[in-house]
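Understanding the architecture of this molecule
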Protein chains: 2
Amino acid sequence: MSQKIVVVGAVAAGPKSACRARRLLPEAEITLLDQDDLISYGGCGIPYFVSGDVADEKELRSTSFHMVRDSRFFHEAKGLNVLTLTRAVSIDRKEKLVHVENVKTGEKSKLPYDQLVLATGSRPNVIPIPGHDLNGVFTISSLHKAIAIKDLLAQGKVGKAVVIGGGAIGIEMAESLADLWGVETTIVEFMPQILPRIVDPTIASMVQQHLKENNVEVFTSEAAQKFEPDNDGWVRRVITNKRELECDLVVMAAGVRPRSELARDAGLEISPMGGIVVNQRMQTSDPSIYAAGDCVETFNLVTGKKAYAPMGSVANRQGRVVADNLAGIPSRFDGVVGSFIMKVFEICVGATGLSTEVARAEGYKAVNAMVVQSDRAHFFPTQALMFNNLIVDSSDKRVLGLQGFAKMGDGLLARINAAAGMIANRARIADFSNLELAYAPPFSTAVDVLNAAANTADNLVEGRLKIVSTEDFVDWMDGKTEHPDWIAVDLRHPKEAEPWAEAYPDKWMALVYDQVRANYQSLPGDKTLILICNAGTRSYEIQVFLRSKGLENTLVLPGGLNVIRRLGVSWWR
Amino acid sequence: MSQKIVVVGAVAAGPKSACRARRLLPEAEITLLDQDDLISYGGCGIPYFVSGDVADEKELRSTSFHMVRDSRFFHEAKGLNVLTLTRAVSIDRKEKLVHVENVKTGEKSKLPYDQLVLATGSRPNVIPIPGHDLNGVFTISSLHKAIAIKDLLAQGKVGKAVVIGGGAIGIEMAESLADLWGVETTIVEFMPQILPRIVDPTIASMVQQHLKENNVEVFTSEAAQKFEPDNDGWVRRVITNKRELECDLVVMAAGVRPRSELARDAGLEISPMGGIVVNQRMQTSDPSIYAAGDCVETFNLVTGKKAYAPMGSVANRQGRVVADNLAGIPSRFDGVVGSFIMKVFEICVGATGLSTEVARAEGYKAVNAMVVQSDRAHFFPTQALMFNNLIVDSSDKRVLGLQGFAKMGDGLLARINAAAGMIANRARIADFSNLELAYAPPFSTAVDVLNAAANTADNLVEGRLKIVSTEDFVDWMDGKTEHPDWIAVDLRHPKEAEPWAEAYPDKWMALVYDQVRANYQSLPGDKTLILICNAGTRSYEIQVFLRSKGLENTLVLPGGLNVIRRLGVSWWR
């Protein structure tokens, strides 16, 4: 008798585990089922389909060699039994049967299994406020919804849209609506910043400003309270705790949660956050049942704690581990570090590991070093600034996370990817200082921005570098918070610095970097000197020098005016 | 008495160690000296200066904030004593003195030191053949030489050039001559491939073909034997063992060797290959004397053996470690993995760790997995193919190296950088399979090309994947070597495959991938079936299937026709 494997769910982890199981177990009888008719699609591609970058939804479910991944494909090319429009209703673990139902005909049947794989995915969170079920309020939960939104856009029915949620999917959807279609788009985010828990506030503010420059309005610390319809029952207004926003479309992008009812009803262990509990071999509490993808709980490799990581890439890796174990190969999936990257119009933002806020909440003595530097040799024509923010534990110098902001391209990816493996390996600052990133002038600098971030973090932890946070400095300049007597010492070229000194005579003075050693005595030693340059490196050097001359009361503005410039402050000159 | 530090050499490691030592030791008296007048330049930028991408040599020795790094800069901004045009003649270790001489005036003096740093760099290898000292024969050993070459180009004096050496610098120089200046350029490489010891032959051939497409001729396995002048003593011909090449310029790019005479004469330990021997704190055999950069020997972190790594990036990292140790901070530089990347016209090529050839020479049971895949979601408009070649030890599944070939951009850098840290940490295939590279459709694929390379390497090591090398297959097609009865089974779409089957009826047949399960009985079971598709993935799947049907005599062409296409074979259709 050949081994019978049933795989429930056919988007990412399901097809991956089924197809590799087919290769590893040529004799097995493998059945892949899904309640939908559209299967094996790149869900992460939905914003690019809506935007028009991807013309046809079929491209999202085609192979790289242009075959559509439909039932026929999985049957003929991959050698699987495929049941679409088929819902798994319940699992009889004793008899090892899955009870299924055709969602169109209602026809019921039973699928016997020796091993079962649950890849039931996630469902989007719906904010339970009045009007959440109106026409025109969408979640991004399936390709069908994406097709419906794109149809509305193509028919010219969407002039204004509100996106609820400033996470990655919310921002991607906002861009897809605003960029090609010219929809007046607003993001409403409940937390004080966009991309909460993913990046630190400074980078979030830079992204928010870039969205604004591209006509996407963002309101943070703001909650949608009600969706209101017109007479036809179509959503036309979002009421928040602060304002009313007109709209023709609402996209709710408030995160997802595991779709684990089937597992729960079968008595499998489910985590408090709703994920199916699996071991490192991706086995559930029933050793004959595996689970993978958005429906499972996993581990965070930085904190060692339970985590939820609903990502197509994670699902694929887990699916492979499932297949291996089905075939008796003891592969493991140990957890995630949370690598992340996204395009936002002309820039990109990425992260891996923990943000400063999350790290502190987890009990780490976290500090962050923001470094701004050319992404490649500063003399190379295509160079652009890259912002790297390294989060480290000041008690043991372990690197906890990296975040970045850069011109759109793969340069930031090169640093995030390098950091991801290092952080998973519990690397320390010195490992990052010596990390051998590939160097040639068209690609990088001799001291790569990531090496530089580590060097800066070391100076910070060792107390050689003392900084003021960008947020605090902006508040002082805005007069939002008071601070004892301070003055900005602008170390840039006089042509850059002097107009600022003239505009803000009480707060700003110019003293060019290479003249400080000769003229430091002109500095007002009774004030807190905020040392300012374009990137922070000259400021650090001057801080060290002034300390040697007894001027201890200095603070460096990390990343310098290159950061401030991207925040949209009113006092930018 | 303040600590006296003397630093000999002011290009990369020297200024780095001097400047950081200044920051860590505000009281120290630090002297930086160099025999040249041009100091602290980005030597790796020379090809981009010659090409015209960088207009002015000053850009190669400017800070990112546009200050020229000359004596004045290091003195006024950095607080160092600077002596240019000053040669260190000898070291009196007993008296702790450096004897120096002004190279213009001949004036001699003595510099006392408490700690000495040697950053004397490297010198280019000169092939000792007749005519090596002719006018018009250049090495790329200093900014002066680069300026002289560019002057010749600007004056229209160079119509044809020969570059001796097909390593990175030779190729970069060839591009810089051919691209903007339109010089008819030929590379002569002694070894059977360009980039020897850096990348495997297949990738070298792809680069060579790309050079050819950009009008740079390459002759491998060929030795320059003589340079011949015209009546004015200017070089006009290169005589090799195979031909005569006319030229107006010869660039000798045959590698560099440590400049360690000063250290040797002082009795410091020197390695057999001529590098100054240092420990992990960058101390020479005399604990008061440190050394860093191109003049030292270091360790290879993969093999654990001695290595030579003359790279600006390595020099900077080592310089920082020197400064730390001068200041009593016990930082270490443990060695290199050999990360490498370069631009070649419209493509880039990179590597980290060992090539297959080097790994085998070092005694590893090395095999390599070549994977070709979209660098980002195949439905994303800017996608392009990326070639990743992972070298692994088949005995313990350790990853020994990664090489890649891709469209010019930072995508390949993102994989090389990620692999570099992992390889230094002695990662295995499974670590690469699960490596959490950041994923979003504009940047990568759910199963990244690097994850895929690891998965393929695992299939190879486990014997699930059986391959023919690209070189062997090309030789069979070319009729260069005989092989028992074989036939290529082309699994691509019939529109792609059938013209080939018609053109090569004895060697080629078409059977589309998704019909193999139904029609495999039509395959000639008595022959070796070479399974062919565009990338190798369909071929692998079919190999596994055919094996389950008793057809064991199959071989996959790794990377498929996407590799073959880039080799410039005569039989491409």
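Residues numbered from 1 in each chain as written. Chains lettered and ligands numbered in written order. Predicted model: local features only at pLDDT ≥ 70, side-chain atom pairs only at ≥ 80, totals over all residues.

Okay, the overall build of chain A next. Scanning chain A from N- to C-terminus turns up 17 helices and 29 strands. Here the C-alpha radius of gyration of chain A, 27 Å, is about what a compact globule of 573 residues would show, namely 25 Å. Within chain A, the proportion of its 573 residues that are buried is 56%. Look at the contacts in chain A between residues 6 or more apart in sequence, and 64% of them connect residues 24 or more apart. (Helix = DSSP H or I, 4+ residues; strand = E, 2+ residues; numbered from the N terminus. Rg over C-alpha atoms; globule rule 2.2 N^0.38 Å. Buried ≥ 20, exposed ≤ 12 C-beta atoms within 10 Å, placed from the backbone. Contact = placed C-beta atoms within 7 Å.)

Right, let's talk about the domain arrangement of chain A for a bit. All names here are of chain A. Along its sequence, chain A is organised into domain 1 (4-122 + 257-326), domain 2 (137-254), domain 3 (340-461) and domain 4 (470-567). Each of domain 2 and domain 3 has a C-alpha centre, and the two are 30 Å apart. In this assembly, 16 residues from domain 2 lie in contact with 17 residues from domain 3. Sorting the residues of the side of domain 2 that touches domain 3 by element identifies helix H5 (168-178) and helix H6 (201-213) as the ones contributing at least two each. Among the elements that make up the side of domain 2 that touches domain 3, the one with the highest residue count is H6 (six residues). Partitioning the side of domain 2 that touches domain 3 into residue classes produces eight nonpolar, three polar and five charged. (Domains from an automatic or database assignment. Nonpolar A, V, L, I, M, F, W, Y, C, P; charged D, E, K, R; others polar.)

Moving on, we get to the sheet that holds strand S12 (residues 216-219) of chain B. Residue and element names in this part refer to chain B. Spatially, S9-S16-S10-S11-S12 is the arrangement adopted by the five strands of the open sheet, whose pairing is parallel. The open sheet has two edge strands, strand S9 (137-139) and S12, and neither has a second partner. Within this sheet the neighbouring strands show an average axis-to-axis angle of 20 degrees, counted without direction. Here strand S10 (residues 160-164) runs beside strand S16 (residues 249-252); their pairing, made up of four bridges, is parallel. Each residue of the ladder has a partner; that of valine 162, found in S16, is valine 250. (Pairing = 2+ DSSP bridges. Axes fitted to C-alpha atoms, helices over the stretch in contact; angles between N-to-C directions.)

So, about the relation of the copies chain B and chain A. Between chain B and chain A, which share one sequence, the superposing operator has a rotation angle of 180 degrees and an axial displacement of 0.0 Å; the RMSD is 0.0 Å. These values place the two chain copies in the arrangement generated by a two-fold rotation axis. The share of interface residues of chain B whose copies in chain A are also at the interface is 99%, consistent with both copies meeting through the same surface. (Least-squares fit on C-alpha atoms with pLDDT ≥ 70 in both.)

All names here are of chain A. Two elements in contact, helix H1 (residues 13-24) and helix H8 (residues 312-326), have axes whose closest approach is 8 Å; the angle formed by their N-to-C orientations is 35 degrees. Note on packing geometry: the crossing formed by H1 with H8 is right-handed. In this structure, H1 contributes Ala13, Lys16, Ser17, Arg20, Ala21 and Leu24 to the contact, and H8 contributes Ala315, Asn316, Gln318, Gly319, Arg320, Val322, Ala323 and Leu326. By residue class, the composition of the contact of H1 with H8 is seven nonpolar, four polar and three charged. (Left-handed = near helix turned anticlockwise from the far one by under 90°.)

This part covers the interface of chain B and chain A. Taken residue by residue, the interface counts 79 residues in chain B and 78 residues in chain A. Those elements that provide at least two residues to the side of chain B that touches chain A are helix H3 (71-76), helix H8 (312-326), strand S21 (340-344), strand S22 (347-353), helix H10 (411-424), helix H12 (449-461) and helix H16 (537-548) of chain B. No other element matches the ten residues that H10(B) contributes to the side of chain B that touches chain A. Its residues assigned to classes, the side of chain B that touches chain A shows 42 nonpolar, 23 polar and 14 charged.

Among the nonpolar cores identified, the biggest contains 405 residues, and A:Leu118, A:Val250, A:Ala291, B:Leu118, B:Val250, B:Val251 and B:Ala291 are the most heavily contacted of them. Those residues within four positions of A:Val250 in sequence are excluded, and the remaining contacts are A:Gly136, A:Val137, A:Phe138, A:Val162, A:Ile164, A:Phe227, A:Val235 and A:Val238. (Core = buried A, V, L, I, M, F, W, Y, C linked by C-beta atoms within 7 Å.)

Residue and element names in this part refer to chain A. Ordered by their spatial adjacency, five strands build an open sheet running S21-S22-S25-S24-S23, and the pairing between neighbours is antiparallel. Here the strands that pair on one side only, and so sit at the sheet edges, are strand S21 (340-344) and strand S23 (366-374). The average undirected angle you get between the axes of adjacent strands in this sheet is 10 degrees. Note that strand S24 (residues 385-393) and strand S25 (residues 399-407) share seven bridges and pair antiparallel. By the bridge assignment, asparagine 388 is partnered in S25 with glycine 404.

Another aspect to go through is H8(B). Each turn of an α-helix holds 3.6 residues, which means side chains three or four residues apart point in the same direction. All names here are of chain B. Counted at 1.5 Å a residue, the expected span for H8 with its 15 residues is 21 Å, and the 21 Å between its end C-alpha atoms agrees. Most of H8 sits out of view: 15 of its 15 residues are buried. Glycine 328 lies just past H8 and shows a positive phi near 85 degrees. (Expected span 1.5 Å × (residues − 1).)

Residues and elements named next belong to chain A. In terms of burial, strand S10 (residues 160-164) is a largely internal element, four of the five residues being buried. Alignment of S10 against strand S11 (residues 184-188), held across five bridges, turns out to be parallel. Each bridged residue has a counterpart across the sheet, and for isoleucine 164 the counterpart in S11 is valine 188. Crossover connection from S10 via H5 to parallel S11: handedness right-handed. (Right-handed = clockwise from strand over helix to strand, strands pointing away.)

The backbone phi angle of A:Arg197 is positive, close to 70 degrees, even though this residue is not glycine. Mapped onto the secondary structure, A:Arg197 falls in the loop between S11 and H6. Although it is not a glycine, B:Ser40 adopts a positive phi angle of roughly 50 degrees. Within the secondary structure layout, B:Ser40 lies in the loop between strand S2 (29-33) and helix H2 (46-51).

Right, let's talk about the packing of helix H10 (residues 411-424) of chain A against H10(B) for a bit. Put simply, H10(A) and H10(B) touch, their axes get as near as 8 Å, and they point 20 degrees apart. Looking at the two axes, H10(A) sits roughly parallel to H10(B). Classified by chirality, the crossing of H10(B) by H10(A) is right-handed. On H10(B), the residues that touch A:Leu413, A:Ala414, A:Asn417, A:Ala418, A:Ala420, A:Gly421 and A:Met422 of H10(A) are B:Leu413, B:Ala414, B:Asn417, B:Ala418, B:Ala420, B:Gly421 and B:Met422. Tallied by class, the residues present in the contact of H10(A) with H10(B) amount to ten nonpolar, four polar and no charged. (Parallel < 35°, antiparallel > 145°, perpendicular 65-115°, else oblique.)

Right, let's talk about the confidence of the model for chain A for a bit. On average, residues of chain A score 96 in pLDDT, and 100% of them are at 70 or above. As scored by the predictor, the complex reaches a pTM of 0.97 and an ipTM of 0.96. (pLDDT = per-residue confidence, 0-100.)

Residue and element names in this part refer to chain B. Looking at the secondary structure, you find asparagine 388 in strand S24 (residues 385-393). Given 30 C-beta atoms within 10 Å, asparagine 388 falls into the buried group. For the pair asparagine 388 and asparagine 125, spaced 263 residues apart in the sequence, the C-alpha separation amounts to 32 Å. If near-sequence neighbours (up to four positions away) are discounted, asparagine 388 is found in contact with Val371, Leu402, Gly404, Arg415, Val449, Leu450 and Ala453.

Before going further, it helps to examine the pairing of strand S7 (residues 115-118) of chain B. Residues and elements named next belong to chain B. Because side chains alternate across S7, one face comprises the buried residues Gln115 and Val117, and the other comprises Leu116 and Leu118, equally buried. Sheet topology note: the S7/strand S18 (residues 289-291) ladder contains three bridges and is parallel. The partner of leucine 118 across the bridge, within S18, is alanine 291.

Bringing the environment of B:Pro128 into the picture now. Relative to the helices and strands, B:Pro128 is located in the loop between strand S8 (122-124) and S9. Sequence-wise, B:Pro128 and B:Gln225 are 97 residues apart; in three dimensions their C-alpha atoms are separated by 9.1 Å.

Another aspect to go through is the environment of A:Asn135. All names here are of chain A. With respect to the helices, strands and loops of the structure, asparagine 135 is situated in the loop between strand S8 (122-124) and strand S9 (137-139). C-beta crowding within 10 Å serves as the criterion here: with 11 such atoms nearby, asparagine 135 is assigned to the exposed category. Contact partners of asparagine 135, with chain neighbours within four places excluded, come to Gly233, Trp234 and Val235.

Right, let's talk about helix H1 (residues 13-24) of chain B for a bit. Taking 1.5 Å per residue, twelve residues should reach 16 Å; H1(B) reaches 16 Å between its end C-alpha atoms and fits that length. The element H1(B) is extensively covered by neighbouring structure, given that eleven of its twelve residues are classed as buried. What H1(B) keeps buried is the set B:Ala13, B:Gly14, B:Pro15, B:Lys16, B:Ser17, B:Ala18, B:Cys19, B:Arg20, B:Ala21, B:Arg22 and B:Arg23. On its buried side, H1(B) packs onto helix H16 (537-548) of chain A together with strand S1 (4-8), S2, H3, S7 and H8 of chain B.

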